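Results of the structural survey
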Amino acid sequence: MSTSARYDFDTVIDRRGTWCVQWDGVADRFGVDGLLPFTISDMDFATAPEVLTALRARLDHGVLGYTTWQQDDFRSAVAHWYATRYGTEVDTGRLVYGPSVLSQLSQLLQMWTAEGDGVVVHTPTYDGFRKAVTGLGRELRGVPLGDTEALERELARADAKVFVLCSPHNPTGRVWTEDELREMGALARRHGVAVISDEIHADFVHDGYRHVPWTRIGDDGRWAVITSGSKAFNFPALTGSYGFIGDAADRAEFLRRMETAEGLASPAVLSLTAHIAAYRDGAAWLDAARSYVAGNLALIAERLNGAFPELAWQPPQAGYLAWIDLRPLGVGAGAGADGVAGGGGGDGVDDEALQRVLIEREKVAIMPGAVYGAPGFLRLNAGCPRSKVVAGVEALVRGVGGVR
(Lines give C-alpha, C1' and ligand atoms only; values in the text may rest on other atoms or scores of the structure.)
Protein backbone atom coordinates (compact mmCIF):
# COMPACT_ATOMS: atom_id res chain seq x y z
CA MET A 1 0.00 0.00 0.00
CA SER A 2 1.35 3.46 -0.89
CA THR A 3 1.89 6.03 1.81
CA SER A 4 -0.84 8.27 0.43
CA ALA A 5 -3.32 5.39 0.30
CA ARG A 6 -2.97 4.87 4.05
CA TYR A 7 -4.67 8.18 4.78
CA ASP A 8 -7.99 9.68 3.70
CA PHE A 9 -7.95 13.35 2.70
CA ASP A 10 -10.98 13.19 0.39
CA THR A 11 -13.70 12.69 2.99
CA VAL A 12 -15.35 15.97 3.93
CA ILE A 13 -15.46 16.56 7.69
CA ASP A 14 -18.21 18.98 8.68
CA ARG A 15 -16.56 21.67 10.80
CA ARG A 16 -19.63 23.85 11.19
CA GLY A 17 -20.84 24.26 14.74
CA THR A 18 -17.42 23.40 16.21
CA TRP A 19 -16.47 27.03 17.06
CA CYS A 20 -14.28 26.94 13.98
CA VAL A 21 -12.86 30.32 12.91
CA GLN A 22 -12.68 29.41 9.22
CA TRP A 23 -16.26 28.11 8.97
CA ASP A 24 -18.24 29.49 11.93
CA GLY A 25 -16.45 32.83 12.00
CA VAL A 26 -16.65 33.68 8.31
CA ALA A 27 -19.21 36.46 8.90
CA ASP A 28 -16.81 38.25 11.24
CA ARG A 29 -14.51 39.06 8.34
CA PHE A 30 -16.76 38.86 5.28
CA GLY A 31 -20.06 40.06 6.73
CA VAL A 32 -22.07 37.07 5.50
CA ASP A 33 -22.74 33.65 6.98
CA GLY A 34 -22.79 30.43 4.96
CA LEU A 35 -19.91 31.17 2.60
CA LEU A 36 -17.59 28.37 1.47
CA PRO A 37 -14.37 29.48 3.19
CA PHE A 38 -10.76 29.39 1.94
CA THR A 39 -9.45 31.73 4.56
CA ILE A 40 -7.51 31.30 7.81
CA SER A 41 -4.51 29.01 7.51
CA ASP A 42 -5.63 25.80 9.09
CA MET A 43 -6.63 22.70 7.15
CA ASP A 44 -9.95 20.87 6.88
CA PHE A 45 -8.18 17.54 7.48
CA ALA A 46 -8.21 15.58 10.72
CA THR A 47 -4.74 15.53 12.21
CA ALA A 48 -2.52 12.48 11.84
CA PRO A 49 -4.07 9.31 13.31
CA GLU A 50 -0.80 8.73 15.14
CA VAL A 51 -1.34 12.05 16.93
CA LEU A 52 -4.97 11.24 17.72
CA THR A 53 -3.95 7.88 19.17
CA ALA A 54 -1.45 9.56 21.49
CA LEU A 55 -4.02 12.18 22.54
CA ARG A 56 -6.61 9.50 23.36
CA ALA A 57 -4.07 7.60 25.43
CA ARG A 58 -3.20 10.75 27.36
CA LEU A 59 -6.87 11.49 28.01
CA ASP A 60 -7.46 7.92 29.12
CA HIS A 61 -4.89 8.49 31.85
CA GLY A 62 -7.45 10.88 33.26
CA VAL A 63 -5.21 13.26 35.23
CA LEU A 64 -4.65 16.59 33.48
CA GLY A 65 -2.55 18.40 36.06
CA TYR A 66 0.30 20.86 35.78
CA THR A 67 3.10 19.72 33.51
CA THR A 68 6.47 20.78 32.12
CA TRP A 69 7.99 20.94 28.67
CA GLN A 70 11.51 20.68 30.08
CA GLN A 71 11.70 16.91 29.88
CA ASP A 72 13.48 14.47 27.62
CA ASP A 73 10.46 13.13 25.75
CA PHE A 74 9.79 16.55 24.24
CA ARG A 75 13.41 17.62 23.78
CA SER A 76 14.40 14.35 22.10
CA ALA A 77 11.34 14.42 19.80
CA VAL A 78 12.31 17.89 18.56
CA ALA A 79 15.92 16.80 18.06
CA HIS A 80 14.75 13.69 16.20
CA TRP A 81 12.55 15.78 13.90
CA TYR A 82 15.31 18.21 12.98
CA ALA A 83 17.77 15.39 12.40
CA THR A 84 15.46 13.30 10.21
CA ARG A 85 13.58 16.12 8.47
CA TYR A 86 16.34 18.67 7.94
CA GLY A 87 19.56 16.79 8.51
CA THR A 88 20.33 19.30 11.25
CA GLU A 89 21.63 18.68 14.75
CA VAL A 90 20.07 21.13 17.22
CA ASP A 91 21.18 22.06 20.71
CA THR A 92 18.11 21.28 22.81
CA GLY A 93 19.61 23.35 25.60
CA ARG A 94 18.58 26.35 23.52
CA LEU A 95 14.93 25.30 23.43
CA VAL A 96 12.19 27.59 24.73
CA TYR A 97 8.42 27.14 24.83
CA GLY A 98 5.38 29.39 24.54
CA PRO A 99 1.64 29.36 23.96
CA SER A 100 1.89 30.43 20.30
CA VAL A 101 4.35 31.65 17.70
CA LEU A 102 2.87 35.16 17.84
CA SER A 103 3.11 35.18 21.62
CA GLN A 104 6.78 34.29 21.33
CA LEU A 105 7.23 37.04 18.75
CA SER A 106 5.60 39.57 21.07
CA GLN A 107 7.88 38.63 23.97
CA LEU A 108 11.02 38.85 21.84
CA LEU A 109 9.99 42.23 20.43
CA GLN A 110 9.49 43.52 23.96
CA MET A 111 12.92 42.20 24.92
CA TRP A 112 14.82 43.53 21.94
CA THR A 113 13.00 46.76 20.99
CA ALA A 114 11.47 49.86 22.54
CA GLU A 115 8.47 51.91 21.43
CA GLY A 116 9.15 53.65 18.14
CA ASP A 117 11.93 51.28 17.08
CA GLY A 118 11.90 49.88 13.57
CA VAL A 119 11.00 46.25 12.85
CA VAL A 120 11.83 45.12 9.32
CA VAL A 121 9.71 42.57 7.42
CA HIS A 122 9.30 41.39 3.88
CA THR A 123 6.29 42.50 1.88
CA PRO A 124 3.69 41.22 1.32
CA THR A 125 3.44 40.64 5.05
CA TYR A 126 1.56 38.12 7.17
CA ASP A 127 -1.04 40.21 8.96
CA GLY A 128 -0.19 38.66 12.35
CA PHE A 129 3.24 40.31 12.13
CA ARG A 130 1.69 43.68 11.43
CA LYS A 131 -0.68 43.39 14.37
CA ALA A 132 2.05 42.27 16.77
CA VAL A 133 4.51 44.96 15.74
CA THR A 134 2.17 47.93 15.54
CA GLY A 135 0.21 46.80 18.59
CA LEU A 136 3.39 47.17 20.64
CA GLY A 137 4.02 50.67 19.30
CA ARG A 138 6.91 49.63 17.08
CA GLU A 139 7.25 50.82 13.48
CA LEU A 140 6.70 48.18 10.81
CA ARG A 141 9.07 48.68 7.87
CA GLY A 142 8.47 46.59 4.78
CA VAL A 143 10.88 45.68 2.02
CA PRO A 144 9.83 43.92 -1.19
CA LEU A 145 10.48 40.20 -1.24
CA GLY A 146 13.93 39.49 -2.65
CA ASP A 147 15.10 43.13 -2.78
CA THR A 148 18.45 42.87 -1.00
CA GLU A 149 19.35 46.53 -1.50
CA ALA A 150 16.11 47.69 0.10
CA LEU A 151 16.61 45.22 2.94
CA GLU A 152 20.06 46.58 3.70
CA ARG A 153 18.81 50.17 3.58
CA GLU A 154 16.21 49.41 6.22
CA LEU A 155 18.53 47.34 8.39
CA ALA A 156 21.10 50.15 8.27
CA ARG A 157 18.74 52.70 9.84
CA ALA A 158 19.92 53.59 13.33
CA ASP A 159 16.65 52.65 15.02
CA ALA A 160 16.16 49.33 13.19
CA LYS A 161 16.41 46.71 15.92
CA VAL A 162 14.76 43.50 14.66
CA PHE A 163 14.32 41.73 11.34
CA VAL A 164 11.33 39.37 11.39
CA LEU A 165 11.92 36.70 8.77
CA CYS A 166 9.14 34.38 7.61
CA SER A 167 10.85 31.18 6.46
CA PRO A 168 9.19 29.80 4.36
CA HIS A 169 7.38 32.99 3.53
CA ASN A 170 3.70 33.58 4.22
CA PRO A 171 1.70 34.45 2.13
CA THR A 172 3.80 33.72 -0.97
CA GLY A 173 5.12 30.26 -0.04
CA ARG A 174 8.67 31.14 -1.02
CA VAL A 175 11.43 28.88 0.33
CA TRP A 176 14.68 30.71 0.98
CA THR A 177 17.91 29.13 -0.22
CA GLU A 178 20.82 28.72 2.17
CA ASP A 179 22.78 31.38 0.26
CA GLU A 180 19.88 33.84 0.61
CA LEU A 181 19.58 33.14 4.32
CA ARG A 182 23.31 33.56 4.88
CA GLU A 183 23.25 36.86 3.02
CA MET A 184 20.36 38.10 5.17
CA GLY A 185 22.16 36.94 8.29
CA ALA A 186 25.34 38.77 7.28
CA LEU A 187 23.39 41.99 6.68
CA ALA A 188 21.67 41.74 10.05
CA ARG A 189 24.97 41.16 11.87
CA ARG A 190 26.65 44.01 9.99
CA HIS A 191 24.04 46.46 11.24
CA GLY A 192 23.51 45.00 14.70
CA VAL A 193 19.93 43.87 14.02
CA ALA A 194 18.46 40.81 15.75
CA VAL A 195 16.74 38.17 13.61
CA ILE A 196 13.52 36.40 14.57
CA SER A 197 12.84 33.56 12.11
CA ASP A 198 9.25 32.31 12.04
CA GLU A 199 9.51 28.77 10.65
CA ILE A 200 6.01 27.49 11.31
CA HIS A 201 5.48 26.64 7.60
CA ALA A 202 8.80 24.79 7.30
CA ASP A 203 7.43 21.27 7.58
CA PHE A 204 5.22 21.77 4.51
CA VAL A 205 7.96 22.45 1.95
CA HIS A 206 7.15 20.80 -1.38
CA ASP A 207 9.30 18.41 -3.39
CA GLY A 208 12.22 20.09 -5.13
CA TYR A 209 12.81 22.61 -2.35
CA ARG A 210 14.61 22.42 0.98
CA HIS A 211 14.08 24.33 4.19
CA VAL A 212 17.23 25.46 5.97
CA PRO A 213 16.63 26.16 9.68
CA TRP A 214 18.01 29.43 11.02
CA THR A 215 19.75 27.39 13.72
CA ARG A 216 22.31 26.66 10.98
CA ILE A 217 22.68 30.32 10.03
CA GLY A 218 22.63 32.61 13.04
CA ASP A 219 25.27 31.59 15.57
CA ASP A 220 27.33 34.75 15.12
CA GLY A 221 24.47 37.17 15.83
CA ARG A 222 21.48 37.72 18.07
CA TRP A 223 18.69 35.45 16.85
CA ALA A 224 15.67 33.36 17.70
CA VAL A 225 13.63 30.73 15.88
CA ILE A 226 9.90 30.52 16.62
CA THR A 227 7.88 27.59 15.34
CA SER A 228 5.32 24.87 16.06
CA GLY A 229 4.18 21.51 14.74
CA SER A 230 0.61 22.80 14.81
CA LYS A 231 0.61 24.22 11.27
CA ALA A 232 1.79 21.14 9.41
CA PHE A 233 -0.07 18.63 11.58
CA ASN A 234 -3.18 20.80 11.94
CA PHE A 235 -3.64 21.08 15.69
CA PRO A 236 -3.44 24.86 16.37
CA ALA A 237 -6.41 24.70 18.74
CA LEU A 238 -4.25 22.77 21.21
CA THR A 239 -2.02 25.87 21.44
CA GLY A 240 1.69 25.50 22.00
CA SER A 241 4.85 26.54 20.20
CA TYR A 242 8.55 26.31 20.77
CA GLY A 243 11.76 27.75 19.45
CA PHE A 244 15.45 28.29 19.92
CA ILE A 245 17.24 31.38 21.25
CA GLY A 246 20.94 31.64 20.54
CA ASP A 247 22.17 33.73 23.46
CA ALA A 248 22.02 32.20 26.95
CA ALA A 249 21.12 35.48 28.67
CA ASP A 250 18.37 36.20 26.16
CA ARG A 251 17.07 32.67 26.60
CA ALA A 252 16.96 33.03 30.38
CA GLU A 253 15.17 36.36 30.11
CA PHE A 254 12.60 34.93 27.71
CA LEU A 255 11.85 32.03 30.06
CA ARG A 256 11.64 34.38 33.04
CA ARG A 257 9.07 36.51 31.22
CA MET A 258 7.01 33.49 30.23
CA GLU A 259 7.05 31.90 33.66
CA THR A 260 6.60 35.02 35.82
CA ALA A 261 5.34 38.05 33.92
CA GLU A 262 3.04 35.95 31.73
CA GLY A 263 2.25 33.23 34.27
CA LEU A 264 2.81 30.46 31.74
CA ALA A 265 5.03 28.06 33.66
CA SER A 266 2.84 25.05 32.81
CA PRO A 267 2.24 24.31 29.10
CA ALA A 268 -0.81 22.58 27.63
CA VAL A 269 -0.17 18.88 28.12
CA LEU A 270 -2.13 17.86 25.02
CA SER A 271 0.03 20.13 22.90
CA LEU A 272 3.17 18.47 24.23
CA THR A 273 1.60 15.06 23.59
CA ALA A 274 0.67 16.03 20.02
CA HIS A 275 4.12 17.43 19.24
CA ILE A 276 5.91 14.35 20.54
CA ALA A 277 3.66 11.97 18.59
CA ALA A 278 3.87 14.04 15.40
CA TYR A 279 7.64 14.30 15.49
CA ARG A 280 8.18 10.66 16.42
CA ASP A 281 5.49 8.93 14.37
CA GLY A 282 3.79 11.42 12.03
CA ALA A 283 6.22 11.81 9.13
CA ALA A 284 4.36 9.42 6.81
CA TRP A 285 1.06 11.24 7.34
CA LEU A 286 2.70 14.61 6.71
CA ASP A 287 4.30 13.42 3.49
CA ALA A 288 0.93 12.09 2.33
CA ALA A 289 -0.76 15.38 3.23
CA ARG A 290 1.87 17.37 1.32
CA SER A 291 1.44 15.14 -1.71
CA TYR A 292 -2.33 15.54 -1.61
CA VAL A 293 -2.11 19.32 -1.24
CA ALA A 294 0.39 19.44 -4.12
CA GLY A 295 -2.31 17.80 -6.22
CA ASN A 296 -4.78 20.46 -5.11
CA LEU A 297 -2.36 23.23 -6.05
CA ALA A 298 -1.68 21.62 -9.44
CA LEU A 299 -5.43 21.51 -10.05
CA ILE A 300 -5.70 25.23 -9.26
CA ALA A 301 -2.85 26.00 -11.66
CA GLU A 302 -4.42 23.96 -14.46
CA ARG A 303 -7.83 25.57 -14.09
CA LEU A 304 -6.64 29.14 -13.61
CA ASN A 305 -4.14 29.04 -16.45
CA GLY A 306 -6.65 27.32 -18.70
CA ALA A 307 -9.14 30.11 -18.12
CA PHE A 308 -6.62 32.96 -17.98
CA PRO A 309 -3.36 32.00 -19.72
CA GLU A 310 -1.85 35.41 -19.02
CA LEU A 311 -1.67 34.53 -15.31
CA ALA A 312 0.89 31.74 -15.83
CA TRP A 313 0.30 30.90 -12.18
CA GLN A 314 2.70 28.53 -10.44
CA PRO A 315 2.05 26.67 -7.16
CA PRO A 316 3.96 27.85 -4.09
CA GLN A 317 7.22 26.26 -3.02
CA ALA A 318 5.81 25.56 0.45
CA GLY A 319 2.48 25.41 2.24
CA TYR A 320 -1.13 25.00 1.24
CA LEU A 321 -1.89 28.66 0.54
CA ALA A 322 -2.29 29.60 -3.11
CA TRP A 323 -1.02 33.18 -3.50
CA ILE A 324 -2.58 34.37 -6.76
CA ASP A 325 -1.53 37.53 -8.61
CA LEU A 326 -4.57 38.80 -10.54
CA ARG A 327 -2.99 42.05 -11.68
CA PRO A 328 -2.29 40.71 -15.19
CA LEU A 329 -6.09 40.57 -15.54
CA GLY A 330 -6.49 44.20 -14.44
CA VAL A 331 -7.58 43.39 -10.89
CA GLY A 332 -6.13 45.85 -8.39
CA ALA A 333 -4.69 47.87 -11.26
CA GLY A 334 -3.51 50.60 -8.92
CA ALA A 335 -1.08 48.29 -7.09
CA GLY A 336 2.61 49.03 -7.38
CA ALA A 337 5.05 46.82 -9.22
CA ASP A 338 5.89 44.91 -6.06
CA GLY A 339 2.22 44.37 -5.27
CA VAL A 340 2.33 46.23 -1.97
CA ALA A 341 1.20 49.75 -2.76
CA GLY A 342 -1.92 51.35 -4.08
CA GLY A 343 -5.37 49.86 -4.61
CA GLY A 344 -7.87 49.49 -7.35
CA GLY A 345 -8.44 52.04 -10.01
CA GLY A 346 -7.00 52.88 -13.40
CA ASP A 347 -8.39 50.76 -16.19
CA GLY A 348 -8.72 47.67 -14.04
CA VAL A 349 -11.13 46.22 -11.52
CA ASP A 350 -10.74 47.13 -7.87
CA ASP A 351 -10.43 44.42 -5.26
CA GLU A 352 -13.67 45.37 -3.56
CA ALA A 353 -15.64 44.78 -6.73
CA LEU A 354 -14.16 41.31 -7.06
CA GLN A 355 -14.84 40.55 -3.40
CA ARG A 356 -18.47 41.61 -3.80
CA VAL A 357 -18.91 39.17 -6.69
CA LEU A 358 -17.18 36.34 -4.86
CA ILE A 359 -19.21 36.87 -1.70
CA GLU A 360 -22.63 37.88 -3.04
CA ARG A 361 -22.85 35.79 -6.20
CA GLU A 362 -20.37 32.94 -5.83
CA LYS A 363 -20.81 32.51 -2.06
CA VAL A 364 -17.12 31.92 -1.35
CA ALA A 365 -14.73 33.60 1.08
CA ILE A 366 -11.18 34.02 -0.24
CA MET A 367 -8.68 36.27 1.52
CA PRO A 368 -8.01 39.53 -0.36
CA GLY A 369 -4.37 40.40 -0.87
CA ALA A 370 -4.90 43.82 0.70
CA VAL A 371 -4.92 42.06 4.10
CA TYR A 372 -1.21 41.41 3.50
CA GLY A 373 -0.52 44.78 1.89
CA ALA A 374 -0.87 43.47 -1.67
CA PRO A 375 -3.92 44.68 -3.63
CA GLY A 376 -4.58 42.67 -6.77
CA PHE A 377 -3.75 39.35 -5.09
CA LEU A 378 -5.81 36.64 -3.42
CA ARG A 379 -4.78 33.99 -0.87
CA LEU A 380 -6.78 30.78 -1.32
CA ASN A 381 -6.41 28.00 1.27
CA ALA A 382 -6.01 24.66 -0.53
CA GLY A 383 -5.59 22.58 2.62
CA CYS A 384 -8.89 20.76 2.16
CA PRO A 385 -10.58 17.90 0.31
CA ARG A 386 -10.26 18.12 -3.47
CA SER A 387 -13.99 18.55 -3.94
CA LYS A 388 -13.84 21.80 -1.99
CA VAL A 389 -10.85 23.01 -4.02
CA VAL A 390 -12.74 22.32 -7.25
CA ALA A 391 -15.72 24.31 -5.98
CA GLY A 392 -13.48 27.17 -4.91
CA VAL A 393 -11.41 27.52 -8.06
CA GLU A 394 -14.50 27.26 -10.27
CA ALA A 395 -16.15 30.03 -8.24
CA LEU A 396 -12.99 32.12 -8.55
CA VAL A 397 -12.83 31.64 -12.33
CA ARG A 398 -16.48 32.64 -12.69
CA GLY A 399 -16.04 35.57 -10.32
CA VAL A 400 -12.98 36.98 -12.09
CA GLY A 401 -14.61 36.46 -15.47
CA GLY A 402 -17.66 38.36 -14.24
CA VAL A 403 -15.77 41.52 -13.29
CA ARG A 404 -13.27 41.83 -16.14
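Since we're looking at a predicted model, the values are computed, not measured.

**Here's the deal with the side chain of Gln-107**
Here Gln-107 shows up in helix 5 (residues 101-112). In this structure, Gln-107 is in contact with Phe-254, Arg-257, Met-258 and Glu-262, ignoring residues within four places of it in sequence.

**Some thoughts on the sheet that holds strand 1 (residues 36-38)**
Reading across from one edge, 1-10-11-9 is the order of the 4 strands in this open sheet, with mixed pairing throughout. Every other strand in the sheet has two partners, leaving strand 1 and strand 9 (321-325) as the edge strands with one partner each. Each neighbouring strand pair of the sheet contributes to a mean axis angle of 35°, computed without reference to strand direction. Pairing analysis gives 5 bridges linking strand 9 to strand 11 (residues 377-381), with the strands arranged antiparallel. Pairing of Asp-325 across the sheet is with Phe-377, part of strand 11. Sitting on the sheet, helix 13 (residues 351-361) touches strand 10 (364-368) and strand 11, and the angle it makes with strand 10 is about 160°.

**Quick notes on the nonpolar core**
Inside soluble globular proteins, nonpolar side chains tend to come together where they are buried. Core analysis: the biggest nonpolar cluster contains 112 residues, and Phe-233 and Ile-300 have the highest contact counts within it. Sort the elements by how many residues they give to this core and helix 12 (residues 283-307) lands first, with 10 residues. If near-sequence neighbours (up to four positions away) are discounted, Ile-300 is found in contact with Trp-313, Ala-322, Leu-380, Ala-382, Val-389 and Val-393.

**Structural notes on empty space enclosed by the protein**
Following the criterion strictly, the structure yields 3 cavities of 30 Å³ or more and no others. Considered as a void within the structure, the largest cavity measures approximately 90 Å³ in volume. Taken together, 14 residues line the largest cavity, and the ones lying closest to its centre are His-201, Ala-318, Gly-319, Tyr-320 and Leu-321. For the lining of the largest cavity, the class distribution of residues is 7 nonpolar, 6 polar and 1 charged. Its boundaries defined by the atoms lining it, the second largest cavity holds a volume of some 60 Å³. As for the second largest cavity, its lining consists of Trp-81, Tyr-82, Tyr-86, Glu-199, Ala-202, Asp-203, His-211, Pro-213, Thr-227, Ser-228, Tyr-242 and Tyr-279. Among the elements that line the lining of the second largest cavity, the one with the most residues is helix 4 (residues 72-86), at 3 residues. Grouping the constituent residues of the lining of the second largest cavity by class yields 7 nonpolar, 3 polar and 2 charged.

What counts and what doesn't
Residues numbered from 1 in each chain as written. Predicted model: local features only at pLDDT ≥ 70, side-chain atom pairs only at ≥ 80, totals over all residues. Heavy atoms only, no water. Helix = DSSP H or I, 4+ residues; strand = E, 2+ residues; numbered from the N terminus. Contact = heavy atoms within 4.5 Å. Pairing = 2+ DSSP bridges. Axes fitted to C-alpha atoms, helices over the stretch in contact; angles between N-to-C directions. Core = buried A, V, L, I, M, F, W, Y, C linked by side-chain atoms within 4.5 Å. Buried < 20%, exposed > 50% of the residue type's maximum accessible area, 1.4 Å probe, protein only. 1 Å grid on protein atoms, 1.4 Å probe; cavity = no way out; pocket = protein on both sides within 12 Å on 5 of 7 lines; lining within 4 Å. Points joined across faces, edges and corners; volume = space filled by probe spheres on them. Nonpolar A, V, L, I, M, F, W, Y, C, P; charged D, E, K, R; others polar.

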